[in-house]
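The residues making up each chain are set out below.
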Amino acid sequence: MPSARAINFAIVGCGGITLQNHLPGLALCPDVKVVALCDSDAATLERARQQTGVTITSTRHEDIVRREDVHAVIIATPNFTHAPIALDAITHGKHVLCEKPLALNHADAQAMADAAKRAGVRHMTAFTYRFVPAMRYLAHLVQRGDLGAPYHFRSCRLQDWGTRRVGWRQVKKLAGTGELGDMLSHRIDFAHLLVGPMKRLVANLKQWHPVRGGQPNELDDWVTILADFQNGATGVLESSKLASGRNESWRSLDYVELNGSERSFVFITGDWNKLQTGKVGGPGFETIEIPREFWKLPGSARDAGAGDPLVTFRYDQAWEFVDAIRSGRPCAPSFHDGARALAVMDAAVKSAETGQWIEL
Ligand SMILES: NC(=O)c1ccc[n+]([C@@H]2O[C@H](COP(=O)([O-])OP(=O)(O)OC[C@H]3O[C@@H](n4cnc5c(N)ncnc54)[C@H](O)[C@@H]3O)[C@@H](O)[C@H]2O)c1
């Protein structure tokens, strides 16, 4: 007999991020079962079926997200498919965890958030880097007031992808934007989490390589945003696929610095259990350890000491979704967070096209 708290999941999109993150994350959640899989590519779907033993499969998302025995859906497909699949799942009463960027533009993302709210289902955007223990502790310290009044937000994401093919990520109608949606979207979410809403911005997007791996590349390799926040703080955000020699993996630089009236903090994803901080007028920065209670989300069954911590923090994302479904509380981050990141992304594209400051 399945328990009354059992949650049945369907996953749409069985590519990279589902195998690396969603499946192992769900496997750690008690009374959760993946019952159905969808991938539009038959060979990818068959590989996932063999790997998971899940027997209900389809290449059409409609066959999977509308099933009565499915309670919750994870959408891990290329960006252009997120909105139609999510709206279909929401219409059929399913809770939805959707990959970032939530949609191709703010209007579509807002429609997803509105539909989920009307339907009363749980909704979550996969801003996975919020679950780095050091980021969770930093957000806690900022909310507690340790930063004081925020002066500056500074974020730098530097990777070396060279000229290699990046598949659907280099096609405008499939991805929407390049480096902006792929990498900077997470850092826009950091800015919202740590400082608050932006007021206006000016941005630039640049493409160096019109061909990647022999295929046309239509999208940006580099992006930067200069922003004013509503609370008066300033922001500088930069992200590049062409920081030669820095490596391509998540071990490459992901840096956030916050300067406030009381002190400063530096977060680096690679230093998952440390922050640097310095007090105003003090001698310089010192390193502080992240308390153990922040090493994983409360209630998560994950062993915070097991595995590579730069991989395993991501599994807490599934627990956040499952716990929110069970307790009927909002997910953090929600579709609202995904939609407000897209408002910033739309403004960045408009600014880059017009050379103007854009009000948000
Ligand atoms: N949160 C994170 O840290 C993170 C990391 C990587 C990727 N992502 C996001 O996850 C999504 C998927 O990225 P990925 O790297 O796994 O890509 P991927 O190309 O490895 O996998 C996507 C899969 O979706 C399938 N697909 C395409 N259209 C479909 C449709 N209409 N219905 C069903 N399946 C379909 C493809 O066949 C493919 O197997 C993207 O939105 C990406 O931005 C997020």
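This section reports on the structure supplied with the text. (Residues numbered from 1 in each chain as written. Predicted model: local features only at pLDDT ≥ 70, side-chain atom pairs only at ≥ 80, totals over all residues. Heavy atoms only, no water.)

### Section: the site of the ligand
Worth spelling out the cut-off: Definition of nearness: a residue and a molecule or strand are near each other if at least one heavy atom of the residue lies within 4 Å of the molecule or strand. Distance and chemistry together define a polar contact, namely a pair of N or O atoms within 3.5 Å, with one atom able to donate a hydrogen and the other to accept it when in protein, and with adjacent residues in sequence counting only for side-chain atoms on both sides. For every accessible area listed, the method is Shrake-Rupley and the probe measures 1.4 Å; residues are considered covered only by the protein chains on display. In this analysis a 1.4 Å probe is tested at points of a 1 Å grid over the protein atoms alone, and where it fits but cannot get out there is a cavity; an open set with protein on both sides within 12 Å along at least five of seven lines is a pocket; lining residues have an atom within 4 Å of a point. Being in a pocket or cavity means that more than half of the molecule's atoms lie within 2 Å of its grid points. Charged residues are taken to be Asp, Glu, Lys and Arg, nonpolar residues to be Ala, Val, Leu, Ile, Met, Phe, Trp, Tyr, Cys and Pro, and polar residues to be all remaining types, Gly included.
The ligand sits among 24 residues. The nearest are Gly16, Asp39, Asn79, Glu99 and Thr128. Taking His82, its side chain carries an N or O atom lying 3.1 Å from an oxygen atom of the ligand. One nitrogen or oxygen atom from the side chain of Arg169 is found 2.9 Å from an oxygen atom belonging to the ligand. In isolation the ligand offers 840 Å² of accessible surface; the protein chains occlude 82% of this area. Its atoms largely coinciding with the cavity grid, the ligand occupies the largest pocket. By residue class, the composition of the shell around the ligand is 8 nonpolar, 11 polar and 5 charged.

### Things to note about the pattern of salt bridges
Condition: Whenever Lys or Arg places a side-chain nitrogen within 4 Å of a carboxyl oxygen from Asp or Glu, that contact is recorded as a salt bridge. Secondary structure counts use DSSP, requiring at least four H or I residues in a row for a helix and at least two E residues in a row for a strand, with both numbered from the N terminus. Burial here depends on accessible area, computed with a 1.4 Å probe over protein chains only, as a share of the maximum for the residue type. Under 20% is buried, over 50% is exposed, and the range in between is partly exposed.
In this structure the tally under the stated criterion is 22 salt bridges. A salt bridge links Arg130 to Asp189; the shortest N-O distance between them is 2.7 Å. One end of the pair, Arg130, is in the loop between strand S6 (123-125) and helix H6 (133-144); the other, Asp189, is in helix H8 (residues 179-194), and 59 residues separate them in sequence. Assigned by exposure class, Arg130 and Asp189 land together as buried. Note that Asp316 is salt-bridged to Arg302, the shortest N-O span being 2.8 Å. Taken together, the residues span a long stretch of sequence, with Asp316 in helix H10 (residues 316-327) and Arg302 in the loop between strand S16 (286-289) and helix H9 (309-312) at a distance of 14 residues. Across the pair, Arg302 and Asp316 agree in class, each one buried.

### Structural notes on the pairing of strand S14 (residues 263-268)
The condition is simple: Each pair of strands is called paired provided DSSP finds at least two bridges between the two strands.
Counting buried residues along S14, 5 of its 6 residues qualify, which places the element largely inside the surrounding structure. Across 5 bridges, the pairing between strand S13 (residues 253-260) and S14 is antiparallel. From the neighbouring strand, Leu258 faces S14, where its bridge partner is Phe265. With 4 bridges connecting them, S14 and strand S15 (residues 274-279) associate as antiparallel partners. Paired with Ser264 across the strands is Gly278, a residue of S15. Two successive antiparallel strands, S14 and S15, enclose a turn made up of 5 residues.

### Re the packing of aromatic side chains
We apply this condition: Centres within 6.5 Å make a pair out of two Phe, Tyr or Trp rings, where for Trp the six-membered ring is used; the pair is then stacked when the planes are under 30 degrees apart, edge-to-face when over 60, and tilted otherwise.
In this structure the tally under the stated criterion is 6 aromatic pairs. Ring geometry for Phe9 versus Phe321: centroids 5.8 Å apart, planes at 70°, classification edge-to-face. On the criterion of sequence distance, the pair formed by Phe9 in strand S1 (residues 7-12) and Phe321 in helix H10 is long-range, its members being 312 residues apart. We classify Phe321 as buried; its relative accessible area is 0%.

### Details of unusual backbone geometry
That bond from Lys100 to Pro101 is cis: its omega, -20°, falls within 30 degrees of zero. A cis amide bond links Ala332 with the next residue in sequence, Pro333, at an omega value of 0°. The phi angle at Asp31 is positive, at roughly 55°, despite the residue not being glycine. On the secondary structure map, Asp31 appears in the loop between helix H1 (16-27) and strand S2 (32-38). Overall, the relative accessible area of 36% leaves Asp31 in the partly exposed class. The phi dihedral of Asn247 is positive, around 85°, even though this residue is not glycine. Checked against the element boundaries, Asn247 lands in the loop between strand S12 (234-240) and S13. What makes Asn247 partly exposed here is its relative accessible area of 44%.

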